[in-house]
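Chain and residue survey
Chain residues, written in single-letter form:
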Number of protein chains: 2
Amino acid sequence: MKEPLRITVTGAAGQIGYAMLFRIAAGEMLGIDQPIILQLLEIPPAMNALDGVVMELQDCAFPLLRRVVPTSQPEEAFSGADFVLLVGARPRGPGMERKDLLEANGAIFTGQGKAINDYASKSVKVLVVGNPANTNCLIAAHNARDLPPEQFSSMTILDHNRATALLAERTSVHIDAVENLAVWGNHSATMFPELLSATVGGTPALELVDFEWYRDQFIPTVQQRGAEIIRARGSSSAASAANAAIEHMRLWSLGTNTVTSMGTVSRGDYDIAEGIVYSFPVSCSGGKIEIDKTRTLDDFCVDRLRLTEKELLEERDAIKHLL
Amino acid sequence: MKEPLRITVTGAAGQIGYAMLFRIAAGEMLGIDQPIILQLLEIPPAMNALDGVVMELQDCAFPLLRRVVPTSQPEEAFSGADFVLLVGARPRGPGMERKDLLEANGAIFTGQGKAINDYASKSVKVLVVGNPANTNCLIAAHNARDLPPEQFSSMTILDHNRATALLAERTSVHIDAVENLAVWGNHSATMFPELLSATVGGTPALELVDFEWYRDQFIPTVQQRGAEIIRARGSSSAASAANAAIEHMRLWSLGTNTVTSMGTVSRGDYDIAEGIVYSFPVSCSGGKIEIDKTRTLDDFCVDRLRLTEKELLEERDAIKHLL
């Protein structure tokens, strides 16, 4: 049997955490031959609820789950961590401006970046789920001074999957038939789900759908899907976000040839400003995220890439004192 | 690729349903080579929330998920179903007596039993999760006149897992070391988690723990675990109940040599009254639940078996007009 790996989840008693932990413990993230230790971080007021979650994890008698450590201390939560899922974040409160939100989360992700740097495994992989995810990821990566920024990634697979499902529905195929779709930029309303390189059963997607549908229906629907789900459910997407986080970590860790979308630090590919955390089309191999650098983009795409880049640069400006 | 199987879940927008559907769609119940169709039943006021759940299922782009059918019509929900998880039930409201609760649920499970009889696959497997689960299961099985009662089962694997985890913790072993534990009777405060036949790493459990601990700590803790979790979380066990339901269906469908606990119709084994739905130690093979008939029980056990049997007979009396 393999040695157990340590997985840290922050905001572990929240809705996304609750939807995620049981699937991780069942082996869906790292495989059914990989024992794990769960290290669960919560803020002190949520520790009681977290105790309930820990009891429920025990009550599942998961064969792979070696130990569960509930804590409100970052140093304990990140200690020796091989994988970190930063799920907990300050949500936007009433009357809160975007700037206030960036600031409030900046404090959290500064501290967590430092604690990851000091206490986690040197080869830790960190996924940021809590919004604003790209900029929170940037802050955490910057504050983990001794770790390469490539070990930090932000989540856009949820958007990638939403786009894939929507295109599959529109073209009446199973989702398996959709390939090479990508979501670019910020996980926000400026994100750009690109179909120029996408294929459906091998045929270019843009030969199968109208450009007007693409521009006026597809892109805004993907961008605003989160709000649509809140309207229907009365609460935000938890299970689908948890699913995407598990998939992100599984692909990153175990590899994939199929193109997906992940936020990663820009090194200037596609002329995106260096240093910001930007979602690119990627594949994964040997524990590394590799940007697909082979795409030819048209003016429509480039405009969209710039728009979401601009938003990320503004976000970076707003928190530049934290970098 | 195999033909898709149809899985019906009732109360699909509730907390247990929400914790269950994404794991089923990921392949945790029937395996990662088995395509599925989810048929989701809710009451009309919950259809909006159910639409949100369906959107989130789409947003996961699950390769195995062929179709999702949300409906408030039992005939549509149960149509051609290979597996049915009856999760939705009327919870106990303020001032509601146990008899009122049995009555309110009796109406639901009478109708669902009839609809399963008329619309589901003739080889359907039905698991009752909604409480009072044993008696709800009895009602549903009775009202499915053309189906053998053995195709209906009630859930006690959650209790089995709770007992396993507690014994493993007490004896400082991994849960894999615990074998032949069983939970008998009703899924209620009278259930009997039995250790007489249980072993820990091959040693009889009762050689490793005090009888006083067994009687005064272990049994009541397992019986009251649900209430303990409500106190901590502020809401009832959802993810661990969902996990148990998935495990129940997986073991029933794919088989297991290991002893677990399931509610099934009594045929008089261990002198339990015929016809009631009672939890026994079981294994599963060829799609059938097989009671372990080899156990020798002492007077302590027999008293406990009688106590929980008595409660189930009283429950049956309270709803006998529905049988």
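Position labels on residues start from 1 in each chain and follow its written sequence. Just so you know, chain letters begin at A and ligand numbers begin at 1, following the order they were written in. The model is predicted, so local features are restricted to residues of pLDDT at least 70 and side-chain atom pairs to those at 80 or more, both for listing and for counting; the totals for chains, interfaces and linings are taken over all residues. Hydrogen atoms and water are omitted, and side-chain values are computed over all heavy atoms in the structure.

What follows deals with the overall build of chain A. The secondary structure listing takes helices from DSSP runs of H or I that are at least 4 residues long and strands from runs of E that are at least 2 residues long, numbered from the N terminus. A count of helical and extended segments in chain A gives 10 helices and 14 strands. Radius of gyration (C-alpha) of chain A: 19 Å, near the 20 Å computed for a compact globule of 323 residues. Viewed in the frame of its principal axes, chain A has a C-alpha envelope of about 50 × 45 × 40 Å. Think of it in three bands: with a 1.4 Å probe and only protein chains considered, a residue is buried below 20% of the maximum accessible area for its type, exposed above 50%, and partly exposed in between. Counting only residues that meet the buried cut, chain A has 59% of its 323 residues in that class. Any two residues having at least one pair of non-hydrogen atoms within 4.5 Å are treated as being in contact. Partitioning the contacts of chain A with sequence separation of at least 6, the portion at a separation of at least 24 is 72%. Entry remark: accessible area of chain A is about 12500 Å², with carbon and sulfur atoms responsible for 49%. Here chain A contributes 29 positively and 40 negatively charged side chains, and the mean placements of these two sets differ by 3 Å. Radius of gyration means the value over C-alpha atoms here, while the globule rule gives 2.2 Å times the residue count to the 0.38 power. Per-residue and other accessible areas were derived by the Shrake-Rupley procedure at a 1.4 Å probe size, with only the shown protein chains allowed to occlude residues. The charged-residue count follows a simple rule in which Lys and Arg add positive charge and Asp and Glu add negative charge, with His and chain termini not counted at all. Where a charge sits is defined by one atom per residue type, namely NZ (Lys), CZ (Arg), CG (Asp) or CD (Glu).

Residues and elements named next belong to chain B. Summarising the element assignment, F83 is placed in strand β4 (residues 83–86). Distance from F83 to P45, taken between C-alpha atoms, is 25 Å for residues 38 residues apart in sequence. If sequence neighbours within four positions are ignored, F83 has contacts with L5, R6, I7, T8, M29, L30, V124, K125, M249 and S253.

Residue and element names in this part refer to chain A. Burial along strand β6 (residues 152–155) is two-sided: the residues F152 and S154 and S153 and M155 are all buried. Two strands form a pair only when DSSP identifies at least two bridges running between them. Sheet analysis places strand β5 (residues 125–128) next to β6, joined by three bridges and oriented parallel. Residue pairing in the sheet places L127 in a bridge with S153 of β6. Pairing of β6 with strand β12 (residues 256–265) involves two bridges; the strand directions are antiparallel.

This paragraph deals with the packing of helix α4 (residues 98–119) of chain B against helix α5 (residues 133–143) of chain B. Residues and elements named next belong to chain B. Where α4 meets α5, the axes come as close as 7 Å, and the angle between the chain directions of the two elements is 35 degrees. Like other packed secondary-structure pairs, α4 and α5 cross with a definite hand, here right-handed. Counting all contacts with α4, which are made through L102, N105, G106, F109, T110, G113, K114 and N117, the residues of α5 involved are T135, N136, I139, A140 and N143. When the residues that make up the contact of α4 with α5 are grouped by side-chain class, the tally is four nonpolar, eight polar and one charged. For every element, the axis is a line fit to its C-alpha atoms; helices are fit only across the contacting stretch, and the angle between N-to-C directions ranges from 0 to 180 degrees. Here a crossing is called left-handed whenever its near helix is offset anticlockwise from the far helix by less than a right angle, and right-handed whenever the offset is clockwise. Throughout, the ten residues Ala, Val, Leu, Ile, Met, Phe, Trp, Tyr, Cys and Pro are labelled nonpolar, Asp, Glu, Lys and Arg are labelled charged, and all others, Gly among them, are labelled polar.

Side-chain rings of Phe, Tyr and Trp (the six-membered ring for Trp) are treated as a pair once their centres are within 6.5 Å; stacked means planes under 30 degrees apart, edge-to-face means over 60, and tilted covers the remaining angles. Scanning the model with the defined rule gives 21 aromatic pairs over all chains in all. Ring centres of A:Y278 and A:F280 lie 5.1 Å apart, and the angle between their planes is 50 degrees; this geometry places the pair in the tilted category. The residues A:Y278 and A:F280 share a single accessibility class, namely buried. Ring centres of B:Y214 and B:F218 lie 6.1 Å apart, and the angle between their planes is 45 degrees; this geometry places the pair in the tilted category. One end of the pair is B:Y214 and the other is B:F218, both in helix α7 (residues 211–223) and four residues apart, which spans about a single turn. Each member of the pair, B:Y214 as well as B:F218, is classed as buried. Following the ring pairs from residue to residue traces out a cluster consisting of A:F192, A:F211, A:W213, A:Y214, A:F218 and A:F300.

Let us now look at empty space enclosed by the protein. Here a cavity is any set of points on a 1 Å grid over the protein atoms alone where a 1.4 Å probe fits but cannot get out, and a pocket is any open set with protein on both sides within 12 Å along at least 5 of 7 lines; a residue lines the site when it has an atom within 4 Å of a point. Grid points are joined across faces, edges and corners, and a volume is the space filled by probe spheres set on the points. Overall, the coordinates contain three cavities of 30 Å³ or more when judged by the stated rule. Reported here for the largest cavity is a volume of approximately 160 Å³. Contributions of two or more residues to the lining of the largest cavity are made by α1 (15–25) of chain A together with α1 (15–25) and α9 (239–254) of chain B. Approximately 40 Å³ is the volume attributed to the second largest cavity. Around the second largest cavity, the lining residues are A:I7, A:I24, A:G27, A:M29, A:L30, A:G31, A:Q34, A:I36 and A:L64.

On to the confidence of the model for chain A, then. For any part of a model where pLDDT is low, the fine detail of the predicted coordinates should not be relied upon. Scored from 0 to 100, pLDDT reflects the predictor's confidence in each residue. Mean pLDDT over chain A: 96, with 100% of residues reaching 70 or higher. Note on the complex model: pTM 0.96, ipTM 0.96.

Moving on, we come to the interface of chain A and chain B. Taken together, the contact pairs 39 residues of chain A with 39 residues of chain B. Accessible surface is computed with a 1.4 Å probe, and the buried area is the amount of it that two parts give up when combined, taken over both parts together. Buried area between chain A and chain B, both sides added, is near 3200 Å², and the carbon and sulfur share of it is 56%. A pair is scored as a salt bridge if a Lys or Arg side-chain nitrogen falls within 4 Å of a carboxyl oxygen belonging to Asp or Glu. The interface formed by chain A and chain B contains six salt bridges. Between A:R233 and B:E56 there is a salt bridge, with its nearest N and O atoms 3.4 Å apart. By the criterion applied in these results, polar contacts are pairs of N or O atoms within 3.5 Å in which, for protein atoms, one can donate a hydrogen and the other can accept it, and in which residues neighboring in sequence qualify only through two side-chain atoms. At the boundary of chain A and chain B, one finds 26 residue pairs in polar contact (both at pLDDT 80 or more). Elements supplying a minimum of two residues to the side of chain A that touches chain B: α1, α2 (47–58), β3 (65–71), α6 (157–170), α8 (225–233) and α9 (239–254) of chain A.

Another point: the sheet that holds β3(A). Residue and element names in this part refer to chain A. Strands sit in the order β3-β2-β1-β4-β5-β6-β12-β13-β14 across an open sheet of nine strands; the sheet is mixed. Edge positions in the sheet fall to β3 and β14 (288–291), since each has one partner strand and no second. Each adjacent strand pair in this sheet contributes to an overall mean axis angle of 35 degrees, direction not counted. Along the sheet face, helix α5 (residues 133–143) touches β4 (83–86), β5, β6 and β13 (277–285) and points at about 170 degrees away from the line of β6.

Glancing now at the environment of A:L138. All names here are of chain A. Relative to the helices and strands, L138 is located in helix α5. With 127 residues separating them in the primary sequence, L138 and V265 have C-alpha atoms 7.7 Å apart. In this structure L138 touches G275, I276, V277, R316, I319 and L323, once residues within four positions along its chain are discounted.

All names here are of chain A. Mapped onto the elements of the fold, T156 is located in the loop between β6 and α6. One polar contact links the side chain of T156 to the main-chain carbonyl oxygen of S261, over a distance of 3.4 Å. Here S279 takes part through its side chain, which lies 2.7 Å from a polar atom of the side chain of T156. Among residues more than four places away in sequence, those in contact with T156 are V183, H187, S261, M262, G263 and S279.

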